Amino acid sequence: MPLNEQPRVAAIELGGTKCIAAIARGREIIARERWSTRAPEETLPAMLDWIADAPGGPLAAIGIAGFGPLVVDPRHANYGRIGSTPKPHWTGFDLRGSVAARFDMPIGFDTDVAGAALAEGRWGASQGCATHVYVTIGTGVGAGIVVDGKPLHGAAHPEVGHIRVRRDPGDTFAGACPFHGDCLEGLVAGPAIAKRAGMPAEQLPGDDPLWDRIAGEIAELVMTLVLTVPPQRIVIGGGVGGAPGDLLGKVRARATERLAGYGPGSDAGAIDRLVVAPGLGADAGPLGAVALALDALE
């Protein structure tokens, strides 16, 4: 279908440090704006005003891809709200309801990582995979798991950032997660790295030994996914996921060691094909919200 005949949709991506609103024709983003993530009464109205004022004609749908935890079950009384989060002022906020109150149109709603996983499956590094995962490592750690084109949900969405992982001997860092201390997010998310290193993750040299420990901890997640899901592709993105010094290469090597030849895709060559960077780059997030908007039209 020609670009000018494809539906015009809006996309809202809420992240831990930044938020993006975009307008798209089909999967092509034609306009976007960015805001810092502040309190909801500061952040969301500005985004919705921008969407309402965007030129180009009427919108067909809106996709919302938000940081978790979110209540994603439409049957739940709190559907559309944000759960317990360390981000100030956002716990309990009715994210979907606030957008629906402003725009009377179909709304797609899911986590930012579920949206990014959908986008990578349709247009990026996970094309052709029936079961695949998108992991983001940034302000927090989250994963979207897609099976046969749909995000995996049960009683809630996956929360792999809070699993416990084996740590290197002698590592006594208490962890930075306010809920669980040294869960995966409490060890490898950006704020945790800053506490461990005494500097922001982006300033930590790529050859610092701390990256080896972080790679081992992320490899624990890879191993867990390989043995439980098991996916045909694991895309690792986010600010920490794109850290200097070939972090993904280190994760692949440590995952190969931990799997020790057991399970599907456990050899080095298979791990290289399994664990990859986002094919959509930094657009995986906003395109995830676009994918949710397009799904809402079906």
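Whatever comes next refers back to the structure up there.
Note that this is a predicted model, so its numbers are computed, not measured. (Residues numbered from 1 in each chain as written. Predicted model: local features only at pLDDT ≥ 70, side-chain atom pairs only at ≥ 80, totals over all residues. Heavy atoms only, no water.)

Participant: Whenever I open this one, the overall build of the protein confuses me. Can you help?
Facilitator: Secondary structure assignment for the protein yields 9 helices and 10 strands. Relative to its length of 298 residues, the protein is compact, with a C-alpha radius of gyration of 19 Å against a globular reference of 19 Å. The principal-axis extents of the C-alpha atoms in the protein amount to approximately 55 × 40 × 35 Å. A separation threshold of at least 6 residues defines the contact pool for the protein, and within that pool the share at least 24 residues apart is 62%. On the protein, roughly 12800 Å² of surface is accessible, and the fraction owed to carbon and sulfur atoms is 51%. Separation of charge centres in the protein, based on 26 positive and 33 negative side chains, amounts to 1 Å. (Helix = DSSP H or I, 4+ residues; strand = E, 2+ residues; numbered from the N terminus. Rg over C-alpha atoms; globule rule 2.2 N^0.38 Å. Contact = heavy atoms within 4.5 Å. Areas by Shrake-Rupley, 256 points an atom, 1.4 Å probe, with all protein chains shown as cover. Lys, Arg positive; Asp, Glu negative; His and termini not counted. Charge placed at Lys NZ, Arg CZ, Asp CG, Glu CD.)

Participant: Sorry, what's going on with the pairing of strand β2 (residues 18-25) here?
Facilitator: The side chains of a regular strand alternate between the sheet's two faces. Within β2, 6 of the 8 residues are buried, which leaves it mostly tucked inside the rest of the structure. Of the pairings in the sheet, the one linking strand β1 (residues 8-14) to β2 comprises 7 bridges and is antiparallel in character. The residue of β2 that forms the bridge with Ala11 is Ala22. Linkage of β1 to β2, two consecutive antiparallel strands, is achieved through a turn of 3 residues. Inspection of the sheet shows β2 paired to strand β3 (residues 28-36) by 8 bridges, in the antiparallel sense. (Buried < 20%, exposed > 50% of the residue type's maximum accessible area, 1.4 Å probe, protein only. Pairing = 2+ DSSP bridges.)

Participant: Can you walk me through the packing of aromatic side chains in this structure?
Facilitator: Two measures describe an aromatic ring pair: the distance that separates the ring centres and the angle between the ring planes. Using the criterion set out here, one finds 4 aromatic pairs in the structure. With a centroid separation of 5.7 Å and 90° between ring planes, the pair formed by Tyr79 and Phe109 is classed as edge-to-face. Here Phe109 lies in strand β5 (residues 107-111) and Tyr79 lies in the loop between β4 (61-66) and α2 (95-102), a separation of 30 residues in the sequence. For Tyr79, a relative accessible area of 24% gives the class partly exposed. Note on Trp90 and Phe93: the rings are 5.4 Å apart at their centroids and 85° apart in plane angle, and the pair reads as edge-to-face. Of the two residues examined, Trp90 and Phe93, each falls in the buried class. Three or more aromatic residues joined by ring pairs make a cluster, and in this case those are Phe67, Trp90 and Phe93. (Phe/Tyr/Trp six-rings, centres within 6.5 Å; stacked < 30°, edge-to-face > 60°.)

Participant: I tried to follow the side chain of Arg233 on my own but got confused; where do I start?
Facilitator: Note on placement: Arg233 falls in strand β9 (residues 233-237). The buried charged residue Arg233 lacks any salt bridge partner; its closest oppositely charged side chain belongs to Glu120, at an N-O distance of 7.9 Å. Side-chain polar atoms of Arg233 contact the backbone oxygen of Arg273, separated by 3.2 Å. Excluding its chain neighbours within four sequence positions, the residues that come into contact with Arg233 are Ala125, Ser126, Cys129, Thr131, His132, Val133, Arg273, Leu274 and Val276. (Salt bridge = Lys/Arg side-chain N within 4 Å of Asp/Glu carboxyl O. Polar contact = N/O pair within 3.5 Å; in protein donor to acceptor, adjacent residues only side chain to side chain.)

Participant: Explain the pattern of salt bridges here, please?
Facilitator: When the charged atoms of two side chains lie near each other, side chains of opposite charge can form a pair. Under the definition given, this model contains 17 salt bridges. Glu220 serves as the salt-bridge partner of Arg166, at 2.9 Å between the closest nitrogen and oxygen. Here Arg166, found in the loop between β8 (150-151) and α4 (184-188), pairs with Glu220, found in helix α6 (residues 210-228); they are 54 residues apart in sequence, far enough to count as distant. Here Arg166 falls in the partly exposed class, since its relative accessible area comes to 49%. Exposure remark for Glu220: the relative accessible area of 8% places this residue in the buried category. A cluster of three or more residues bridged by salt bridges with shared partners is formed by Arg164, Arg167, Asp171, Asp182, Arg196, Arg213 and Glu217.

What is shown is where atoms sit, not what they do.
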